[in-house]
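An overview of the molecular structure
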Amino acid sequence: MGMCKPSGGISNQTGRVGSLPRIWLPNKRIDLYDKNGNLLQQGWYGPDGKIIWYRDWAHGSGEHEWPHDHSVDWGNNKKPRPPYEGPNGEKTNPSFC
């Protein structure tokens, strides 16, 4: 199915930016919404259940283009994680929808 529609499906959750779990169900995606129904983040989880990629749609800190993506480096939990920048300057990775 690919990352757009992961084999484990897509779940909608309500929360705040930063509340995506680091480990969850394998091969799934979470679409995280605020209490008003605004999309905040999406998180993609690999076959081991660890988050591998996330997309920010909105948050209150810094100047960013919306949306923008971040990869997750499990060997380095230090923040900030720089936003993704593709070879042509794109801020989202088309491999992840």
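Just so you know, these numbers come straight off a predicted model, no measurement behind them.

Moving on: the sheet that holds strand β3 (residues 39-45). Spatial ordering of the open sheet is given by β1-β2-β3-β4-β5, a layout of 5 strands whose pairing is mixed. Where the open sheet ends on each side, the last strands, each with one partner, are β1 (10-14) and β5 (68-71). Taking each pair of neighbouring strands and ignoring which way they run, the sheet shows an average axis angle of 20°. Sheet topology note: the strand β4 (residues 51-56)/β5 ladder contains 4 bridges and is antiparallel. Considered in β5, the bridge of Y54 is made with H70.

Once that is clear, we can look at the nonpolar core. Ranked by size, the top nonpolar core spans 7 residues in total: L20, I30, L32, Y45, I51, Y54 and V72. Counting residues per element, the ones that place at least two in this core are β2 (29-33) and β4. The residues touching L20, leaving out its near neighbours within four places in the chain, are I30, L32, Q41, Q42, G43, Y45, I51 and Y54.

The subject of this paragraph is the pattern of salt bridges. In the structure shown here, the tally under the stated rule is 3 salt bridges. D69 serves as the salt-bridge partner of R55, at 2.5 Å between the closest nitrogen and oxygen. Pair noted here: R55 is in strand β4 and D69 is in strand β5, with a separation of 14 residues, a long-range link. Of the two residues, R55 and D69, both sit in the buried class. Residues E85 and K91 are paired through a salt bridge, measuring 3.2 Å at the closest nitrogen-oxygen approach. Assessed through its relative accessible area of 23%, K91 is described here as partly exposed.

Analysis parameters
Residues numbered from 1 in each chain as written. Predicted model: local features only at pLDDT ≥ 70, side-chain atom pairs only at ≥ 80, totals over all residues. Heavy atoms only, no water. Pairing = 2+ DSSP bridges. Helix = DSSP H or I, 4+ residues; strand = E, 2+ residues; numbered from the N terminus. Axes fitted to C-alpha atoms, helices over the stretch in contact; angles between N-to-C directions. Core = buried A, V, L, I, M, F, W, Y, C linked by side-chain atoms within 4.5 Å. Buried < 20%, exposed > 50% of the residue type's maximum accessible area, 1.4 Å probe, protein only. Contact = heavy atoms within 4.5 Å. Salt bridge = Lys/Arg side-chain N within 4 Å of Asp/Glu carboxyl O.

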